[in-house]
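# A look at the structure
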Amino acid sequence: MIDVEEIEGVGRVTAQKLREAGYNTARDVAFASVKELAEILGSEDRAKQIIAAAQKLIGLTPFITAYELYEKRRGIRRISTGVKSLDELLGGGIETKAITELVGEFGSGKTQLCHQLSVMVQLPEDKGGLKAKALYVDTENTFRPERIMQMAKYRGLDPQEALKNILYARAYNSDHQMMIIEESKKIIEKENIGLIVIDSLVAHFRSEYPGRENLAERQQKLNHHIAQLLRIADIYNVAVVVTNQVVAQPDVFFGNPLKPAGGNVIAHGATYRVWLRKGKENVRIAKIFDSPYHPEREVTFRITEEGVVD
Ligand code: GTP
Ligand code: MG
């Protein structure tokens, strides 16, 4: 909320007149009609000028892109990653009604980001969250409540409350993982879940269906799983974040010798794909790939005691 006093060109006297007439915030003024304000301020020009200043102050511009309109109509919400540059890269944060895939080598920060998002989703909307809970599906036993507590503290949340707002499920094999997601439908609304994390999406599938001879069956199952996730994301307006490993492409001599595991099924299923790389020490580099809406730009962030930060 921005007070009328902060509008450019509004002094003490004008602010008082506005407040007496019931205009307390910049938003109130931004949406006022010129005629209404002219009566209060005694001049049409002055009213126009102040309305324009208020609109600028709250970021109201006459145009939005058709894509923004499309998102608005679909009711898409966003969760901040807690990292400014990464949010910018993602167009404001992790989207609901979509699957965001975090791909990268070991230690690239996938699990750390999953932890952080489970905290961020709990924040109120004006702090980048959805004031909602997270459902965390852990397949590799790498979830650490202590880490959540550190991150929560840094973001101004009560650490123990933050833990209570994360529903945790350990998935022991791919069937179990799919069953957990199937079951999640029953609790998403009741528990006010805003984010579903699966770390990792593919690990069980890869170890249970090794080699070429099992590839078709594996991909079919994975396809079903991803379709299910997308449906849940869409119906319940929740964000789904999954992690994926990279595998070596032995036949690539030029360019990147690594590629995401899971093949076409994930490539087509994931709405957004974020590639994470290790930089020096605690620096990590992120870029979005395979997306028509995002520039192929790289941003950096760091992993520290406080969590994932600028
Ligand atoms: P895999 O699951 O092995 O593929 O890796 P990942 O991409 O999930 O990596 P992860 O998110 O686990 O990142 C690990 C990195 O985060 C390590 O390099 C650690 O240095 C760093 N890290 C993890 N926990 C902490 C912590 O509590 N404090 C700090 N400062 N760094 C941490
Ligand atoms: Mg991990």
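Reading the values: the criteria
Residues numbered from 1 in each chain as written. Chains lettered and ligands numbered in written order. Predicted model: local features only at pLDDT ≥ 70, side-chain atom pairs only at ≥ 80, totals over all residues. Heavy atoms only, no water. Near = heavy atom within 4 Å. Polar contact = N/O pair within 3.5 Å; in protein donor to acceptor, adjacent residues only side chain to side chain. Areas by Shrake-Rupley, 256 points an atom, 1.4 Å probe, with all protein chains shown as cover. Helix = DSSP H or I, 4+ residues; strand = E, 2+ residues; numbered from the N terminus. Domains from an automatic or database assignment. Phe/Tyr/Trp six-rings, centres within 6.5 Å; stacked < 30°, edge-to-face > 60°. Buried < 20%, exposed > 50% of the residue type's maximum accessible area, 1.4 Å probe, protein only. Arc of directions from axis to C-beta. Contact = heavy atoms within 4.5 Å. Pairing = 2+ DSSP bridges. Axes fitted to C-alpha atoms, helices over the stretch in contact; angles between N-to-C directions. Core = buried A, V, L, I, M, F, W, Y, C linked by side-chain atoms within 4.5 Å.

## So, the site of ligand 1
The local shell around ligand 1 holds 14 residues, among which Gly107, Lys110, Thr111, Gln112 and Arg284 are the closest. In the environment of ligand 1, an oxygen atom lies 3.2 Å from a nitrogen or oxygen atom belonging to the backbone of serine 108. Residue glycine 109 places a main-chain N or O atom 3.1 Å away from an oxygen atom belonging to ligand 1. Look at ligand 1: alone it shows 650 Å² of surface, and the protein chains cover 64% of it. Among the secondary structure elements, those contributing two or more residues to the shell around ligand 1 are helix H7 (110-120), helix H8 (145-154) and strand E12 (298-304).

## Focus on the domain arrangement of the protein
Note on interface size: it is often stated as the accessible area lost on association of the parts. You can read the domains of the protein as domain 1 (4-57) and domain 2 (74-309). Placing the centre of domain 1 and that of domain 2 at their C-alpha centroids yields a distance of 44 Å.

## With respect to the packing of aromatic side chains
As enumerated under the stated definition, the model contains 3 aromatic pairs in all. Here tryptophan 275 and phenylalanine 289 contribute two aromatic rings whose centre-to-centre distance is 5.4 Å and whose plane-to-plane angle is 70°, an arrangement assigned as edge-to-face. Residue tryptophan 275 is located in strand E10 (residues 272-278), and its partner phenylalanine 289 is located in strand E11 (residues 283-289); the two are separated by 14 residues in the primary sequence. The pair formed by tryptophan 275 and phenylalanine 289 is uniform in burial state, with each residue classed as buried.

## Digging into helix H3 (residues 34-41)
Those residues of H3 not exposed but buried are Leu37, Ala38 and Leu41. The buried residues of H3 occupy an angular sector of 105° when projected down its axis, which confines them to one face. For H3, the exposed residues set more than 90 degrees away from the buried face come down to Lys35 and Glu39. After H3 finishes, the residue glycine 42 shows a positive phi value of roughly 80°.

## A word on unusual backbone geometry
For the bond from aspartate 199 to serine 200, the omega torsion is 0°, close enough to zero to count as cis. Positive phi values are uncommon outside glycine, yet lysine 131 reaches one of about 50°. Position of lysine 131 relative to the elements: it lies in the loop between H7 and strand E4 (133-138).

## What about the side chain of serine 118?
Within the secondary structure layout, serine 118 lies in helix H7. Excluding residues that lie within four positions of it along the chain, serine 118 makes contacts with Ala134, Tyr136, Ile148, Ile166, Leu195 and Val197.

## Examining the sheet that holds strand E5 (residues 166-170)
Sheet architecture is open: 9 strands sit in the order E5-E4-E6-E7-E3-E10-E11-E12-E13, paired in mixed fashion. The open sheet is flanked by E5 and strand E13 (307-309), the only strands paired with a single partner. The mean angle between the axes of side-by-side strands here comes to 25°, regardless of whether they run parallel or antiparallel. As paired strands, strand E3 (residues 98-104) and E10 are joined by 5 bridges and run parallel to one another. Bridged to glutamate 101 within E10 is arginine 273. Contacts from helix H10 (residues 174-184) reach E4, E5 and strand E6 (193-199), with the element oriented near 175° to E6. In the packing of helix H12 (residues 215-236) onto the sheet, the strands contacted are E3, E6 and strand E7 (239-244), and the crossing angle to E3 comes to about 130°.

## Digging into the nonpolar core
Grouped together as the largest cluster of nonpolar side chains are 36 residues, with contacts concentrated most on Ile79, Leu86, Leu195, Ala286 and Phe301. With 5 residues, H7 is the largest single contributor of residues to this core. Not counting residues within four places of it along the chain, the set of residues in contact with phenylalanine 301 comprises Val83, Leu86, Leu113, Leu276, Asn282, Val283, Arg284, Ala286, Val308, Val309 and Asp310. In this structure, Ile196, Val202, Ala233 and Val238 belong to the second largest nonpolar core, which totals 28 residues.

## Comments concerning the pairing of E10
Along any regular strand, the residues point their side chains to alternate faces of the sheet. Where burial is concerned, most of E10 is hidden: 5 out of the 7 residues are buried. Taken together, the 6 bridges between E10 and E11 define a ladder with antiparallel strand orientation. Paired with valine 274 across the two strands is isoleucine 288, which belongs to E11. Joining the antiparallel neighbours E10 and E11 is a turn of 4 residues, in which glutamate 281 adopts a positive phi near 50°.

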